[in-house]
Amino acid sequence: MKLLIVALGLLLGSSLQAQDFAKHLTEARTAYTGGKLEDARFAMQQMMHELDIITGKEVLTLLPQKLDTLSANIPHDEVTGASGFTGVVIHRDYGKAIAQDGSEDKVSLEVITNSPLLGALNGLLALPILGNNPDQKVVKINGYKALVTKVSSTGEKDAFEVQLPLNNSLITLKAPGYNQDKIVAMANTIPVAAIAKAIQ
Amino acid sequence: MHPLKLAFGSCILLAMAAPVHAQGKFLKKVSNAANNVLNTVNSGGNNSSPAGGTPAGELPNASPSSSGRPTNKAGLGLIATPPDVAANLTTSESAYATKNYGEARYALQQAMLGVELQIGQSILKALPEEILSLPRQAQQDQVASTGWGWAGLIIKREYQKEDKALTINITNNAMWMQAINMYLTSGMMNQSMGGQQNWKQTRLKNNRAVIEYDESSGYKLSVPLGQSTLFMLEGVNFANEQEFMKAAEAVDIEKIKDLLNEK
């Protein structure tokens, strides 16, 4: 029932967004035909934002419902941000927020799309030299190069994150409490090719 | 693919396509062309013919570089083809309808680029042909855009006569612009070094601005316009601040604001 409500909510959201896209498209065309270039540009910027949010929602439908034994917290799903600058952040988390020992035990998966700021970061991530850092390792996730980083300090519970660059986008998986092999196995269940196709 | 294989493959295809009565003559030409390719490969990529003549397709004065590869001496460059705004909007609409969002985004980005380039060109048209007897350098006119994003729309115009030069740079819709504009118009900054004032607040036609002077680069005026535009003027070899400001006043700032929809 809960899932049905969420699905209906997403559907209604997309339908409203579709209306906005069409509305801004009409505005852009009218302004452009009337020689109001700046107004046409503004309407197109609105369209771009709508498009990025819709794409984000589409990506959410591609993400796994479960990672390892943890179920997705669908009500926490979010698509936020500014396209063209910081990028649009698509967020989903899995599992309970608090583990039995009281520690944070939530796995989070984030996809940042179309952020010009990520170009340089992604270039760095692709450098093999990063593999020399004992806390970092370059691995392949579904055929894509990715970086696994140990983010926990000595004495703390294991915490790793996987970062997978895709042009101007970045997929980040954070899984506190899981070891390196486990997080890599989890990451391999993410449909990277389908996400790459959706956000290209 | 190896050049020989490529040439040979092309030759076969062309020979097959030619009418039968022309095949004899055609094959001779093909054979000559293949020989030319062979000579090129055998001579280590050096295209000069053994007889000192010019092989077909080579430019007479193309000189090989030290690696043996000729340097480019001709070519008319690319044809300026700004994106077709209306066509790209239609492509974006159709792609959106079929849920091909990546394609819809790309087409929309192209449409935005098209509009931005047109805005840039209209601003260049609104700038004077000449400022204080300095003629515009038509070849240096520039409009560049990254679509929506970090760099935004950049418009550049240069004026020069002998060693006196003036450069106009207009940056619009760049993400970092608001912070810069806020800083420049805050009126909180004023600076002098060793009795010499190099940076101060001023106004250009009622717009708050900052003027700077540097011994090596000359005068620079930065005028934030509205929410997301920065007008910058740089002058080399201007006699004094007054003369430089007179040059700045020759620009129709209100027209630029109007074209960029800045308030």
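Quick caveat: nothing in here was measured; it's all calculated off a predicted structure. (Residues numbered from 1 in each chain as written. Chains lettered and ligands numbered in written order. Predicted model: local features only at pLDDT ≥ 70, side-chain atom pairs only at ≥ 80, totals over all residues. Heavy atoms only, no water.)

Q: Any chance you could break down the overall build of chain B for me, citing the residues and the numbers?
A: Along the backbone of chain B there are seven helices and 10 strands. Taking all 263 residues of chain B together, the buried fraction comes to 35%. Put simply, of all contacts in chain B between residues at least 6 apart along the chain, 49% involve residues at least 24 apart. Of the roughly 15,600 Å² of accessible surface on chain B, a fraction of 54% belongs to carbon and sulfur atoms. (Helix = DSSP H or I, 4+ residues; strand = E, 2+ residues; numbered from the N terminus. Buried < 20%, exposed > 50% of the residue type's maximum accessible area, 1.4 Å probe, protein only. Contact = heavy atoms within 4.5 Å. Areas by Shrake-Rupley, 256 points an atom, 1.4 Å probe, with all protein chains shown as cover.)

Q: An account of empty space enclosed by the protein is needed here, citing residue identities and associated values.
A: Residues and elements named next belong to chain A. For the structure shown, the criterion picks out two cavities of 30 Å³ or more. The computed volume of the largest cavity comes to approximately 50 Å³. As for the largest cavity, its lining consists of I141, V162, Q163, L164, I171, L173, A187, I190 and V192. Mapped onto the lining of the largest cavity, the elements with two or more residues apiece are strand 8 (159–166) and strand 9 (169–176). Element by element, the count of residues in the lining of the largest cavity is highest for strand 8, at three residues. Classifying every residue of the lining of the largest cavity gives eight nonpolar, one polar and no charged. (1 Å grid on protein atoms, 1.4 Å probe; cavity = no way out; pocket = protein on both sides within 12 Å on 5 of 7 lines; lining within 4 Å. Points joined across faces, edges and corners; volume = space filled by probe spheres on them. Nonpolar A, V, L, I, M, F, W, Y, C, P; charged D, E, K, R; others polar.)

Q: Please give an account of the pattern of salt bridges that cites residues and values.
A: On inspection of all chains with the given rule, the structure shows 14 salt bridges over all chains. The salt bridge partner of R92 of chain A is D77 of chain A, with a shortest N-O separation of 2.7 Å. In this pair, R92 of chain A is assigned in strand 4 (residues 87–94) and D77 of chain A in the loop between strand 2 (70–71) and strand 3 (78–82), connecting sequence segments 15 residues apart. Both residues of the pair, R92 of chain A and D77 of chain A, count as buried. The partner of R136 of chain B in a salt bridge is D141 of chain B, and the shortest N-O contact between them spans 2.7 Å. For R136 of chain B, a relative accessible area of 26% gives the class partly exposed. We classify D141 of chain B as partly exposed; its relative accessible area is 21%. (Salt bridge = Lys/Arg side-chain N within 4 Å of Asp/Glu carboxyl O.)

Q: Give a detailed account of the nonpolar core, specifying residues and quantitative values.
A: The biggest cluster of nonpolar side chains holds 53 residues, and the ones touching the most others in it are M44 of chain A together with L89, L166, I168, L221, F231 and I256 of chain B. Among the elements that make up this core, the one with the highest residue count is helix 4 (residues 101–126) of chain B (nine residues). Once residues within four sequence positions are removed from consideration, L221 of chain B is found in contact with T202, L204, A209, V210, I211, F231, M232, L233, F244, M245 and A248 of chain B. Formed by 37 residues, the second largest nonpolar core is a distinct cluster that contains V107, V111, V184 and A196 of chain A. (Core = buried A, V, L, I, M, F, W, Y, C linked by side-chain atoms within 4.5 Å.)

Q: Account for helix 5 (residues 192–199) of chain A, with residues named and values stated.
A: Within helix 5 of chain A the residues assigned to the buried category are V192, I195, A196, A198 and I199 of chain A. Buried residues of helix 5 of chain A fall within an arc of 165° about the axis and therefore sit on the same side. (Arc of directions from axis to C-beta.)

Q: Which residues make up the interface of chain B and chain A, and what values do they have?
A: Listed by partner, the interface residues are 29 residues for chain B and 28 residues for chain A. Of the roughly 2,700 Å² buried between chain B and chain A on both sides combined, carbon and sulfur atoms contribute 66%. In this structure, R41 of chain A engages E116 of chain B in a salt bridge whose closest nitrogen and oxygen atoms are separated by 2.6 Å. At the junction of chain B with chain A, the criterion picks out seven residue pairs in polar contact (both at pLDDT 80 or more). Breaking the side of chain B that touches chain A down by element, the ones donating at least two residues are helix 3 (85–97) and helix 4 of chain B. (Buried area = accessible area lost by both parts, 1.4 Å probe. Polar contact = N/O pair within 3.5 Å; in protein donor to acceptor, adjacent residues only side chain to side chain.)

Q: Can you lay out the confidence of the model for chain A for me, pointing to particular residues and giving the numbers?
A: Of all residues in chain A, 75% attain a pLDDT of 70 or more, and the chain-wide mean is 81. Counting interchain partners and residues more than four positions distant, the pLDDT-below-50 stretch residues 1–8 of chain A has three contacts. (pLDDT = per-residue confidence, 0-100.)

Q: Which residues make up the packing of helix 3 of chain B against helix 4 of chain B, and what values do they have?
A: Residues and elements named next belong to chain B. Where helix 3 contacts helix 4, the axes come no closer than 8 Å and their chain directions differ by 160°. Here helix 3 lies roughly antiparallel to helix 4, going by the angle between them. Handedness of the helix 3/helix 4 crossing: left-handed. Facing V85, N88, L89, T91, S92, A95 and Y96 of helix 3, the residues of helix 4 in contact are Y101, E103, A104, A107, L108, Q110, A111, G114, V115 and Q118. The residue inventory of the contact of helix 3 with helix 4, partitioned by class, reads 10 nonpolar, six polar and one charged. (Axes fitted to C-alpha atoms, helices over the stretch in contact; angles between N-to-C directions. Parallel < 35°, antiparallel > 145°, perpendicular 65-115°, else oblique. Left-handed = near helix turned anticlockwise from the far one by under 90°.)

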